[in-house]
Amino acid sequence: MASHALRLHPLLFSAAAARPAPLAARPGGGARRVHRRHSLAVVRCSSSAAQALKIKSIPTKPVEGQKTGTSGLRKKVKVFQQENYLANWIQALFNSLPPEDYVGGTLVLGGDGRYFNKDAAQIITKIAAGNGVGKILVGRNGLLSTPAVSAVIRKRQANGGFIMSASHNPGGPDNDWGIKFNYSSGQPAPETITDQIYGNTLSISEIKTADIPDVDLSSLGVVSYGDFTVEVIDPVLDYLELMENVFDFQLIKGLLSRPDFRFVFDAMHAVTGAYADPIFVEKLGADPDYILNGVPLEDFGNGHPDPNLTYAKELVFTMFGSGAPDFGAASDGDGDRNMILGRRFFVTPSDSVAIIAANAQAAIPYFQSGPKGLARSMPTSGALDRVADKLNVPFFEVPTGWKFFGNLMDAGKLSICGEESFGTGSDHIREKDGIWAVLAWLSILAHRNKDKKAGERLVSVEDVAREHWATYGRNFFSRYDYEECESESANKMMEHLRDVIAKSKPGEKYGNYTLQFADDFSYTDPVDGSTVSKQGLRFVFTDGSRIIFRLSGTGSAGATIRIYIEQFESDASKHDLDAQIALKPLIDLALSVSKLKDFTGRDKPTVIT
């Protein structure tokens, strides 16, 4: 790490917290780390003697590359370790906010446990104090899932919060780190703020920081320095309380306690490992042996904490192997994404949100009056549209980015929403929520099986999905990701497609498909009237089939090209087709129209979902 005024020593954790968890036998052979059971009781540590807060002004100068996207700022760890790189961004944030939004107020701080979070937490805390923040609520050991940060902001009526995470991107000294800010409603800061942050990074000249020692984040309790207070909170308690108010825990516990039902959850050595044991095991009675990779690690166990069929290999192997459990799920680095699996059956995220919405009123107490409205991101399949039509509730198609859902929720227009990128959630918070999605599916299964006696065949995940298709039809859907493409080549491919769209006309033939329209998706927010453009290139055909192209901004290097392919099928006799087979003509068309191989040299995607 470069030497500079804000360089920090690593935090000192207790020996118990630092000691690796014991190895336990995994069902079916091998061994795994198991999450320690722990008490949820709050323990107050002694506050240090109050003392006058000394504020230092540290000279600095702008650094390049701090443009903030919809998911905050994400770069390699070594970039953030450069002199004042993180400090500049944090100070630029405070320079961008009205003083009444933070001076004397409360902010939340937490993250996914990845490498550099410990140092970053101290930097953020001291700059917050230096800018007049009254109190920081920080998760023990710096841990708070993204959904939990949103929940704590809302419950504690905080002014906002910092989330230290690069989401589903790999962690460790040579991998990724990220930071984003959520506002008082618990949702990600709007572009008006992120644009101001970037503008201020270009002119920043000083950093205001408090001259206080590093805070011990390993123990619950409160420490004060003058008018500034840090409270280390249990990362689980507020979030668990919220989940108990949303779901019928006794109903779910009845399912998980059945000897004829087996459940497995893969935390992928990410932040939900801190939540899995208190929620699934202690509260709901799940077998602790079926929490996989339940210890949060700074490098996610050298894994890629992205819950999909490519990176969640251990869970996929378990769920598609002999003697597979009845239900399997995984969550990502910061706990906001999810993957749902039945025995030898994968539920696409597009289908998952539609199925949750269709069953929510009957199975989840929070929705007992029915949803206010439903919404999906533009690339997500139209399965949810059909549910909204049948339920006769408002429906919204928004750009990719959870903040667009948040505006609708705050206006009382939206209850359940989702993105095809394994994000699902509701208006209980203002972020997508991986554990919420798992509990929603467990609630549906518990409701469907509540009257099943021992020995009777249980309604399975596959049964629920097939019943849904029989009612609504099936939207075959797949996404092809080409990760870390050379940015210039990726942009040239997108410009080629824009040229194709500009010359296209309704009624044109594309192979066996007839074009209905082609455009570059734009959106006008029905709440605040704001508009965004260039949100994805769409080719929509007369039979409802779609091909969509986007460049993703969630990586830290290069460009990720994403191609979304969708085809609706009402004929139940064809619902058993493999999605890749059903979609092959559209996939071939997408590759041909885009000339992807010519532009990028790639002959196959990195990930198929």
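Analysis parameters
Residues numbered from 1 in each chain as written. Predicted model: local features only at pLDDT ≥ 70, side-chain atom pairs only at ≥ 80, totals over all residues. Heavy atoms only, no water. Helix = DSSP H or I, 4+ residues; strand = E, 2+ residues; numbered from the N terminus. Rg over C-alpha atoms; globule rule 2.2 N^0.38 Å. Buried < 20%, exposed > 50% of the residue type's maximum accessible area, 1.4 Å probe, protein only. Contact = heavy atoms within 4.5 Å. Areas by Shrake-Rupley, 256 points an atom, 1.4 Å probe, with all protein chains shown as cover. Salt bridge = Lys/Arg side-chain N within 4 Å of Asp/Glu carboxyl O. Lys, Arg positive; Asp, Glu negative; His and termini not counted. Domains from an automatic or database assignment. Buried area = accessible area lost by both parts, 1.4 Å probe. Axes fitted to C-alpha atoms, helices over the stretch in contact; angles between N-to-C directions. Parallel < 35°, antiparallel > 145°, perpendicular 65-115°, else oblique. Left-handed = near helix turned anticlockwise from the far one by under 90°. Phe/Tyr/Trp six-rings, centres within 6.5 Å; stacked < 30°, edge-to-face > 60°. Lys NZ or Arg CZ within 6 Å of the ring centre and 35° of its normal. Nonpolar A, V, L, I, M, F, W, Y, C, P; charged D, E, K, R; others polar. Polar contact = N/O pair within 3.5 Å; in protein donor to acceptor, adjacent residues only side chain to side chain. UniProt positions renumbered as here; feature names shortened; annotations may be inferred. Pairing = 2+ DSSP bridges.

J.: Even after reading the chapter, I still don't get the overall build of the protein chain, so can you show me in this structure?
T.: Along the backbone of the protein chain there are 19 helices and 29 strands. For the protein chain, the C-alpha radius of gyration of 24 Å lies close to 25 Å, the compact-globule estimate for 609 residues. Each principal axis of the C-alpha distribution contributes one length, and for the protein chain these read about 75 × 65 × 45 Å. Across the 609 residues that make up the protein chain, the buried fraction comes to 59%. Here the analysis covers contacts within the protein chain between residues at least 6 apart in sequence; of these, 74% occur between residues at least 24 apart. Carbon together with sulfur atoms contributes 49% to the accessible area of the protein chain, which is approximately 23,300 Å² in total.

J.: Help me understand the pattern of salt bridges, please; the structure alone is not making it clear to me.
T.: Where side chains of opposite charge bring their charged atoms close, a pairing between them can arise. Summed over all chains, the structure comprises 39 salt bridges. In this structure, Lys 67 and Asp 195 form a salt bridge, with 3.5 Å as the shortest nitrogen-oxygen distance. Placement of the pair is Lys 67 in the loop between strand E3 (55-59) and strand E4 (73-76) and Asp 195 in helix H6 (residues 191-201), with a sequence separation of 128 residues. Here Asp 195 falls in the partly exposed class, since its relative accessible area comes to 40%. Between Glu 566 and Arg 546 there is a salt bridge, and its shortest N-O distance comes to 2.9 Å. Placement of the pair is Glu 566 in strand E28 (residues 559-569) and Arg 546 in strand E27 (residues 546-552), with a sequence separation of 20 residues. Residue Glu 566 is classed as buried on the basis of its relative accessible area of 3%. Several salt bridges share partner residues, and in doing so they unite Arg 376, Asp 385, Glu 397, Asp 519, Arg 538, Arg 546 and Glu 566 into one network.

J.: Even after reading the chapter, I still don't get the side chain of Asp 351, so can you show me in this structure?
T.: Examined against the element boundaries, Asp 351 turns out to sit in helix H11 (residues 349-363). No salt bridge is formed by the buried Asp 351; its nearest oppositely charged neighbour, Arg 474, is found at 4.9 Å. Excluding anything up to four places from it in sequence, Asp 351 contacts Ala 383, Trp 469 and Asn 475.

J.: Explain the domain arrangement of the protein chain to me, please; I cannot follow it from the model alone.
T.: According to the domain assignment, the protein chain consists of domain 1 (53-233), domain 2 (237-470) and domain 3 (473-606). One C-alpha centre belongs to domain 2, the other to domain 3, and the line joining them spans 26 Å. Listed by partner, the interface residues are 29 residues for domain 2 and 26 residues for domain 3. Taking both partners together, domain 2 and domain 3 bury about 2,300 Å²; carbon and sulfur atoms supply 55% of that area.

J.: Before we go on, may I ask you to explain the packing of helix H7 (residues 237-246) against helix H14 (residues 434-448) in this structure?
T.: Between H7 and H14, the least distance of the axes is 11 Å, while the angle of their chain directions is 30°. The angle between H7 and H14 falls in the class roughly parallel. The crossing of H7 and H14 is right-handed. Where H7 abuts H14, its residues Tyr 239, Met 243 and Val 246 lie against Ile 435, Trp 436 and Leu 439.

J.: What is the right way to read unusual backbone geometry from this model?
T.: Most peptide bonds adopt trans geometry, and most residues besides glycine take a negative phi value. The phi angle at Ser 167 is positive, at roughly 55°, despite the residue not being glycine. Within the secondary structure, Ser 167 sits in the loop between strand E7 (160-164) and strand E8 (176-182). Overall, Ser 167 belongs to the buried group, its relative accessible area being 2%. In this structure, Arg 344 takes a positive phi of about 55° despite not being glycine.

J.: What should I look at first to understand the packing of aromatic side chains in this one?
T.: Two aromatic rings are characterised by how far apart their centres lie and by the angle between their planes. Applying the stated criterion across every chain, the model contains 21 aromatic pairs. With 5.7 Å between their ring centres and 70° between their planes, Phe 181 and Tyr 183 make a pair best called edge-to-face. As far as the burial class goes, Phe 181 and Tyr 183 line up, both buried. An aromatic cluster is defined as three or more aromatic residues linked by ring pairs; in this entry it consists of Phe 94, Tyr 102, Phe 162, Phe 181 and Tyr 183. Here Arg 474 stacks its cationic end above the ring of Trp 469, 4.1 Å away from the centre of that ring.

J.: What is the right way to read the packing of H7 against helix H9 (residues 273-283) from this model?
T.: The axes of two packed helices give the description: the angle between them and the distance between them. Between H7 and H9, the least distance of the axes is 11 Å, while the angle of their chain directions is 40°. The orientation of H7 with respect to H9, classified from their angle, is oblique. As for how H7 packs across H9, the hand of that crossing is right-handed. Of H9, the residues touching H7 (which contributes Tyr 239, Leu 240 and Glu 244) are Tyr 275, Ile 279 and Lys 283. Classifying every residue of the contact of H7 with H9 gives four nonpolar, no polar and two charged.

J.: What am I meant to see in the environment of Glu 419 here?
T.: Mapped onto the secondary structure, Glu 419 falls in strand E19 (residues 416-419). Residue classification places Glu 419 among the buried positions, given a relative accessible area of 3%. Along the sequence, Glu 419 and Trp 402 sit 17 residues apart, while their C-alpha atoms lie 8.7 Å from each other. Not counting residues within four places of it along the chain, the set of residues in contact with Glu 419 comprises Pro 349, Ser 377, Thr 380, Thr 400, Gly 401, Trp 402, Phe 405 and Lys 432. Reaching out from Glu 419, the side chain makes a polar contact with the backbone nitrogen of Gly 401 at a distance of 3.0 Å.

J.: Quick question: what am I supposed to make of the UniProt feature "domain: Alpha-D-phosphohexomutase alpha/beta/alpha" (unreviewed entry) in the protein chain here?
T.: When the UniProt feature table is mapped onto this chain, "domain: Alpha-D-phosphohexomutase alpha/beta/alpha" (unreviewed entry) is found at residues 66-205, 239-341 and 350-451. Between the C-alpha atoms that bound residues 239-341 the distance is 24 Å, and the span itself is 33% helix and 15% strand. Taken end to end, residues 350-451 has its terminal C-alpha atoms 29 Å apart, with 46% of it in helix and 16% in strand.

J.: Looking at this model, I keep getting lost on the sheet that holds strand E10 (residues 221-225). Mind explaining?
T.: Strand-to-strand pairing in sheets goes through backbone hydrogen bonds, with the strands running parallel or antiparallel. In space, the seven strands of this open sheet follow the order E4-E8-E7-E5-E6-E11-E10, with mixed pairing throughout. Looking along the sheet, the strands with just one partner apiece sit at the ends: E4 and E10. Between one strand and the next, the sheet's axes are offset by a mean angle of 15°, whatever the strand orientation. In the sheet, strand E5 (residues 106-111) pairs with E7 via five bridges, with the strands oriented parallel. Considered in E7, the bridge of Val 108 is made with Gly 161. With respect to the sheet, helix H3 (residues 85-96) is in contact with E4, E5, E7 and E8, its orientation differing from that of E8 by roughly 10°.

J.: How should the environment of Gly 558 be read in this particular structure?
T.: In this structure, Gly 558 sits in the loop between E27 and E28. Counting along the chain gives 74 residues from Gly 558 to Glu 484, while the straight-line C-alpha distance between them is 4.5 Å. Those residues in contact with Gly 558 that lie beyond four places of it in its chain are Cys 485 and Ser 487.

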